[in-house]
Amino acid sequence: MASVTCTAPVNIAVIKYWGKTNTDLILPTNDSLSVTLSQDILHSKTSISTQASFEQDRLWLNGIEEDITKNKRMHNCFRETRALRKAMEEADASLEKLSTYGVHVCSENNFPTAAGLASSASGLAALVFALAKLYQLPIDMSDLSRIARQGSGSACRSLFGGFVAWEKGELADGSDSRAVQIAPDTHWPELEALVCVVSDKKKGTSSTAGMQQTVESSPLMQERLRVVPARMKAMSDAILARDFQKFAEITMRDSNQFHAVCLDTFPPIFYLNDTSRGIIQLIHAYNKAHGEYKAAYTYDAGPNAVIYAPKENMKEIIQLIHHYFPKGTDTPKDTYFADPYGLFQANAAEFDQEPKVNPAVIPIYPPGSVSRLLHTKVHDGPRVLDEAESLLNDQGLPKRVA
């Protein structure tokens, strides 16, 4: 039996992807740009096994078997990678005919699925990367990203670490719509992120449905398409120059415009809630108090905030968020904030101290309004794991089921 296990990271866009020109090929209306976050904190893990006795493809997601026949996008990934493997087998008769076998796939996220934390991006990136390794495909990551794109648009960006652009392309067949790395994770190691989990519930309007509603009904969408090309250039320049002031302003403006376009959709789409908006107000007040951008918020299609900031500011930002959005009364401290990088290790009491900059612009929210704080960093792309970490046993079945 041939098997492989890998993880793939979450990416959070600073120039958002929203809308398709071709829903079958998943061709976007505009270029987008994202930051890849550390898999040590957020990742999708996928194991794939195949052998001649597997008569059909099977999928287990977070311990529950899914009906794979209804998942067209996943079939796209299987079809494209199998076609490449089949071409290899036809060119070399000594290769095992893996392309003719069924595959068993088991995938888990270490974070809530479909809650606006880019689970489809990391999940489909993990699937495509694992298939490429299983089939030993001689393909570079940008070419592989074209396959991942057909599973989930943003998945193409999760095949790289660091800072990644998804070029929308111009060709009708989508062959030039792919991801490219702007800079590796080592380029700007001082940039960090704080994910504020406002809700881990499945969102009311899926990204797939929401973006097409926007394309069909939002006049403001045309203005967005007009300004994004210049933003892409400015954001790339800011990243290459490690210019946080420019990075921060563009990030926040693009997030705001994205959600304005959602509100301009008819009927409107609401992804942010009162807690989300409170965090926005707080970050603006914090920056104003310092006279410069010390932090930048962004929101994907969900209420959860991602706050980008230089490493030197992160401790104060965590204190600020904790002060205004305290943990739930029954929530253990380590669940609310695990402190993976030991910011408060030397003096745990500092975590509960009132922040030095304390702008009284919003009330202190009810405990539990933010359920968790996840401190993470810019990091690498997909990783291949040791076989001992497989989610499948030696029969190709899940080791754990829900």
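Structure: above.
Every value quoted in this text rests on a predicted model; they were computed, and no experiment measured them.

So what exactly am I meant to see when it comes to the side chain of Asp300 here?
By the element assignment, Asp300 lies in the loop between β13 (296-298) and β14 (305-310). At 2.5 Å, the side chain of Asp300 and the side chain of Lys16 are in polar contact.

Just to check I follow, could you spell out the pattern of salt bridges for this structure?
The full count for this structure, using the stated rule, is 19 salt bridges. The partner of Lys72 in a salt bridge is Asp24, with the nearest N and O atoms 3.2 Å apart. Within this pair, whereas Lys72 is found in helix α1 (residues 72-91), its partner Asp24 is found in the loop between β3 (20-22) and β4 (27-28), the two being separated by 48 residues in sequence. For Lys72, a relative accessible area of 53% corresponds to the exposed category. A salt bridge links Lys168 to Glu170; its shortest N-O distance comes to 3.3 Å. On the basis of relative accessible area, Glu170 is assigned to the exposed category, the value being 65%.

Whenever I open this one, the sheet that holds strand β11 (residues 178-183) confuses me. Can you help?
With antiparallel pairing, four strands are arranged side by side in an open sheet as β2-β5-β10-β11. The open sheet has two free edges, formed respectively by β2 (11-15) and β11, since each of these has just one partner strand. The sheet shows a mean angle of 35 degrees between the axes of neighbouring strands, taken without regard to direction.

Conventions and cut-offs
Residues numbered from 1 in each chain as written. Predicted model: local features only at pLDDT ≥ 70, side-chain atom pairs only at ≥ 80, totals over all residues. Heavy atoms only, no water. Helix = DSSP H or I, 4+ residues; strand = E, 2+ residues; numbered from the N terminus. Polar contact = N/O pair within 3.5 Å; in protein donor to acceptor, adjacent residues only side chain to side chain. Salt bridge = Lys/Arg side-chain N within 4 Å of Asp/Glu carboxyl O. Buried < 20%, exposed > 50% of the residue type's maximum accessible area, 1.4 Å probe, protein only. Pairing = 2+ DSSP bridges. Axes fitted to C-alpha atoms, helices over the stretch in contact; angles between N-to-C directions.

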